[in-house]
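Examining the three-dimensional arrangement
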Amino acid sequence: MTTGGISKDLLLKIAKERIIYSWDHLPIIFTEGKGCLLKDIDGKEYIDCTAQAWCLNVGHSHPRIIRAAEQQLRKLAHCFSLYFEHVPKLELAEKLINITAPNLDKVLFSVTGSEAVEGAMQLAMRYR
């Protein structure tokens, strides 16, 4: 089976020659996912026990997520919120504050774990 006219062997060769890995890598090329299942280039199905680094906890191709993403993409695909605000971010901040402890009334959105840890450290220094 091929994807885009490129064979699995050629794709694996490209990966080996062009990508630097910091851990062992399996010769599996995923092409699609639905729910908790992933399908590779050969049509073999796997149960996704990692939720793809924990960011797909509702599974792949979930209809509600696709619908919500499509609706948002039709309005605003991206807004650099370091300088600007946008409605979905502010709505999420309110929702998070409403479901956490009463004395937690601010939210820090971060892109990486390192950024989140740095924010926590700055918070601890500020209120020590």
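What you see is a predicted model; the values in this text were computed from it and never measured.

Concerning the overall build of the chain
Scanning the chain from N- to C-terminus turns up 5 helices and 5 strands. Secondary structure elements in the chain, listed N-terminal to C-terminal, are β-β-α-β-β-β-α-α-α-α. What you see for the chain is a C-alpha radius of gyration of 20 Å, clearly larger than the 14 Å of a compact globule of 128 residues, by over 25%. Its C-alpha atoms put the chain at 55 × 35 × 30 Å along the principal axes.

Considering the layout of surface pockets
The calculated volume of the largest pocket comes to roughly 680 Å³. Lining the largest pocket we find 20 residues, and of these Cys-79, Ser-81, His-86, Lys-89 and Phe-109 sit closest to its centre. For the lining of the largest pocket, the secondary-structure elements that each account for two or more residues are α3 (63-75) and α4 (87-99). By volume, the second largest pocket is sized at about 570 Å³.

Cut-off values and rules
Residues numbered from 1 in each chain as written. Predicted model: local features only at pLDDT ≥ 70, side-chain atom pairs only at ≥ 80, totals over all residues. Heavy atoms only, no water. Helix = DSSP H or I, 4+ residues; strand = E, 2+ residues; numbered from the N terminus. Rg over C-alpha atoms; globule rule 2.2 N^0.38 Å. 1 Å grid on protein atoms, 1.4 Å probe; cavity = no way out; pocket = protein on both sides within 12 Å on 5 of 7 lines; lining within 4 Å. Points joined across faces, edges and corners; volume = space filled by probe spheres on them.

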